[in-house]
Amino acid sequence: MSKIKILQGDITKVDVDVIVNAANTSLLGGGGVDGAIHRAGGSQILDECRDIRARQGGCDPGEAVITNAGNLPAIKVIHTVGPVWTGDNEGGQRAVLASCYLESLKLAIANNLKTIAFPNISTGVYRFPKDLAAQTAFKTVQDFLLKNEVIDEVIFVCFDLENFNLYQKLLDS
Ligand code: ADP
């Protein structure tokens, strides 16, 4: 049976070891899923983000950091920064997006976290084409799971129906 699952809904409600946040380079919170996670999780998450900022000065696109999950059902939150889509792939934005998924998976394993939920990184304010983002995310995770046995479950949490349908197609193919 596939370790990849999809669901439509709010990632803050998902009961997994770790949820991934589509953060921004400041790590200080923002709109979209970032705002939802900080709202639902409470100030403990932001406190730890501030500590990380003080230590390493934020987070670059394609990189990931980990904090507590405050009041969320998850044990931890991984904050990764997606690429901003610029209308072409000249800045290698697909590779940066793939790196978000890869670095998050590696960080989960390093912290002994075996079930992980991802939002559709970069497909909101960062304007990445949803079909391209879905293909990139799905293939990166699928390839990773072929080589790494430690992760038990990856859930793609789609907020909107368009993304859900794209992931459903990829899962069925
Ligand atoms: P980015 O800046 O990386 O584009 P956004 O938060 O604007 O980040 O959007 C990323 C994706 O997260 C979008 O598909 C958006 O619909 C989705 N999203 C927004 N709120 C939530 C939520 N509570 N749970 C899951 N996904 C969400």
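Residues numbered from 1 in each chain as written. Predicted model: local features only at pLDDT ≥ 70, side-chain atom pairs only at ≥ 80, totals over all residues. Heavy atoms only, no water.

Which residues make up the sheet that holds strand S1 (residues 4-8), and what values do they have?
With respect to topology, six strands assemble into an open sheet ordered S1-S6-S5-S2-S4-S3, the strand pairing being mixed. Pairing within the sheet leaves two strands with one partner each, and these edge strands are S1 and strand S3 (64-68). Direction aside, neighbouring strands of the sheet carry axes that sit 25 degrees apart on average. Both S1 and strand S6 (residues 153-158) contribute to a ladder of five bridges, which runs parallel. In the strand pairing of S6, Ile6 is matched with Phe156. Each of S3 and strand S4 (76-81) is contacted by helix H2 (residues 43-56), which is oriented at about 140 degrees to S3, the strand it contacts most. (Pairing = 2+ DSSP bridges. Helix = DSSP H or I, 4+ residues; strand = E, 2+ residues; numbered from the N terminus. Axes fitted to C-alpha atoms, helices over the stretch in contact; angles between N-to-C directions. Contact = heavy atoms within 4.5 Å.)

Let's hear about helix H5 (residues 161-172): which residues, and what values?
The periodicity of an α-helix, 3.6 residues per turn, causes residues three or four positions apart to be oriented the same way. With 12 residues, H5 ought to run about 16 Å at 1.5 Å a step, and its terminal C-alpha atoms sit 16 Å apart, in line with that. Listing the buried residues of H5 in full gives Asn163, Phe164 and Tyr167. Projected onto a plane normal to the axis of H5, the buried residues spread over an arc of 100 degrees and lie on a single side. What points out from H5, more than 90 degrees from its buried face, is the exposed set Lys169 and Asp172. The inward-facing, buried residues of H5 abut S1, helix H3 (93-110), helix H4 (130-147) and S6. Two or three places before Glu162, at the start of H5, stands the capping residue Asp160, its side-chain oxygen 3.3 Å from that residue's backbone nitrogen. (Expected span 1.5 Å × (residues − 1). Buried < 20%, exposed > 50% of the residue type's maximum accessible area, 1.4 Å probe, protein only. Arc of directions from axis to C-beta. Polar contact = N/O pair within 3.5 Å; in protein donor to acceptor, adjacent residues only side chain to side chain.)

Tell me about the site of the ligand, and name the residues and values.
In the neighbourhood of the ligand, 16 residues make up the surrounding shell, with Val33, Ser122, Thr123, Gly124 and Val125 lying closest. Val33 has a polar backbone atom sitting 2.8 Å from an oxygen atom of the ligand. In the environment of the ligand, an oxygen atom lies 2.9 Å from a nitrogen or oxygen atom belonging to the backbone of Ser122. In isolation the ligand has 570 Å² of accessible area, and contact with the protein removes 91% of it. The site holding the ligand turns out to be the largest pocket. (Near = heavy atom within 4 Å. Areas by Shrake-Rupley, 256 points an atom, 1.4 Å probe, with all protein chains shown as cover. 1 Å grid on protein atoms, 1.4 Å probe; cavity = no way out; pocket = protein on both sides within 12 Å on 5 of 7 lines; lining within 4 Å. Sits in = over half its atoms within 2 Å of the grid points.)

Before we move on, can you summarise the state of the cysteines with the specific residues and values?
One pass over the structure, following the stated rule, counts zero disulfides. Free cysteine Cys49: the closest other cysteine sulfur is in Cys59, separated by 9.4 Å. We classify Cys49 as buried; its relative accessible area is 0%. (Disulfide = S-S within 2.5 Å.)

How would you sum up the side chain of His79? Please name residues and give values.
Tracing the sequence through the fold places His79 in strand S4. Since its relative accessible area comes to 1%, His79 is described here as buried. In this structure the side chain of His79 is engaged in a polar contact, spanning 2.9 Å, whose partner is the side chain of Thr67. Residues in contact with His79, not counting those within four places in the same chain, are Asn21, Ala23, Leu27, His38, Ile45, Cys49, Cys59, Glu63, Ala64, Val65 and Thr67.

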